[in-house]
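Read off the chains here:
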Amino acid sequence: VNMTFYEAGTNKIKYNYLHTINNRGNPDTLVLDPNLKYDLVVHTIPPQEKKNISIERGKHNIISLDAPQGHLKLDIDGNSNNYFPTTIIRKGGEMKTLNVQEFGKTEKYIVGKYDLEILTLPRIYLKDVEVKQSSTNSLRIQTSAAVLFASQGNGFGSVYTDDGKIVNWVCNLNNKLQNEIIYLQPGKYKAVFRPDFSTETNKTIERNFEVQS
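Since the model is a prediction, treat every value here as computed from it, not as a measurement. (Residues numbered from 1 in each chain as written. Predicted model: local features only at pLDDT ≥ 70, side-chain atom pairs only at ≥ 80, totals over all residues. Heavy atoms only, no water.)

Caption draft 1: Structural detail: the pairing of strand 15 (residues 179-184). Alternating positions in strand 15 separate cleanly, Glu180, Ile182 and Leu184 being buried on one face and Asn179, Ile181 and Tyr183 remaining unburied on the opposite face. In the sheet, strand 12 (residues 145-150) pairs with strand 15 via 6 bridges, with the strands oriented antiparallel. If you follow phenylalanine 149 over to strand 15, its bridge partner there is glutamate 180. (Buried < 20%, exposed > 50% of the residue type's maximum accessible area, 1.4 Å probe, protein only. Helix = DSSP H or I, 4+ residues; strand = E, 2+ residues; numbered from the N terminus. Pairing = 2+ DSSP bridges.)

In structure tokens form, the structure reads like this:
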């Protein structure tokens, strides 16, 4: 893991190390100037910090910092059709983005609970996904399917989820394209479209359809 030593109380970088385990199975030994105090940032996800560290001259100093980690793996069921959505990772209950993780990859995180926003259409929101120490939490979603929207001319349209009770907006169609492919998660949908040359509401076209993975 990468770590940065700053001169205490400043943003002045003194040392930047890639910390690892040596060939004896012990943590690296680093050489630091004992005349300074340091602020340490360990670049885990999320970063861990320790302030105002003093180094004793002529002694093997040990800097302890609690940073237990586990893994989060994101997978897609079945044939992905070359469509790999990304996922925004946030600490549970917070809005700050910690990481953007792609499906098919495994990332290491500090132990805790995280909120995931999976950038499929429609979005998938997962709350309180737990990462445990020295273990891997594997999450799988269904494969999105390619849906072709074709019209005889340009116009304005949108796609909505429609389960027969609640209609929710998913995305707008590109009004410059007569043929457009959009990847959608399995479910029931409604497409609404009106040609751009038409100013009459009754010229609106609706199509209900279902997407399978």
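Caption draft 2: Structural detail: unusual backbone geometry. With omega at -10°, the peptide bond leading from isoleucine 45 into proline 46 counts as cis. Mapped onto the elements of the fold, proline 46 is located in the loop between strand 3 (37-42) and strand 4 (48-54). In the segment running from leucine 121 into proline 122, the intervening peptide bond is cis, with an omega of -10°. Look at asparagine 52: it is not a glycine, yet its phi comes out positive at around 55°.

Caption draft 3: Examining the pattern of salt bridges more closely. The full count for this structure, using the stated rule, is 10 salt bridges. The partner of aspartate 75 in a salt bridge is lysine 73, and the shortest N-O contact between them spans 3.8 Å. A salt bridge links arginine 123 to glutamate 117, with the nearest nitrogen and oxygen atoms 3.7 Å apart. The class for arginine 123 is partly exposed, based on a relative accessible area of 39%. (Salt bridge = Lys/Arg side-chain N within 4 Å of Asp/Glu carboxyl O.)

Caption draft 4: Fine view of the sheet that holds strand 7 (residues 97-102). Ordered in space as 7-6-9-10, the 4 strands form an open sheet in which the pairing is antiparallel. The sheet terminates laterally at strand 7 and strand 10 (124-131), the two strands that pair on one side only. Going across the sheet, the axis of each strand differs from the next one's by a mean of 30°, ignoring polarity. Alignment of strand 6 (residues 86-91) against strand 9 (residues 112-118), held across 5 bridges, turns out to be antiparallel. From the neighbouring strand, arginine 90 faces strand 9, where its bridge partner is aspartate 115. (Axes fitted to C-alpha atoms, helices over the stretch in contact; angles between N-to-C directions.)

Caption draft 5: Expanded view of the nonpolar core. Residues Leu72, Tyr109, Tyr114 and Leu116 are the most contacted members of the largest nonpolar core, which totals 16 residues. Taken together, the elements giving at least two residues each to this core come down to strand 5 (69-76), strand 8 (106-110), strand 9, strand 10 and strand 11 (136-141). Val147, Leu184, Tyr189 and Ala191 belong to the second-largest nonpolar core, a separate cluster that totals 14 residues. (Core = buried A, V, L, I, M, F, W, Y, C linked by side-chain atoms within 4.5 Å.)

Caption draft 6: The pairing of strand 13 (residues 155-162), seen in detail. A large share of strand 13 lies buried, amounting to 6 of its 8 residues. As paired elements, strand 13 and strand 16 (residues 187-195) share 7 bridges and run antiparallel to each other. Bridged to serine 158 within strand 16 is valine 192. Bridge count between strand 13 and strand 14 (residues 167-172): 5 bridges; the pairing is antiparallel. Paired with tyrosine 160 across the two strands is tryptophan 169, which belongs to strand 14.

Caption draft 7: Here's a closer look at the packing of aromatic side chains. This structure, assessed with the given rule, holds 7 aromatic pairs. On the numbers, 6.0 Å between centres and 50° between planes, the contact of tyrosine 15 with tyrosine 38 is tilted. Residue tyrosine 15 is found in strand 2 (residues 13-18), and its partner tyrosine 38 is found in strand 3; the two are separated by 23 residues along the sequence. We classify tyrosine 15 as partly exposed; its relative accessible area is 22%. Aromatic side chains tyrosine 189 and phenylalanine 209 sit 5.5 Å apart centroid to centroid with 15° between the ring planes, which places their arrangement in the stacked category. One end of the pair, tyrosine 189, is in strand 16; the other, phenylalanine 209, is in strand 17 (residues 205-211), and 20 residues separate them in sequence. (Phe/Tyr/Trp six-rings, centres within 6.5 Å; stacked < 30°, edge-to-face > 60°.)

Function-wise, these values are silent; they only describe arrangement.
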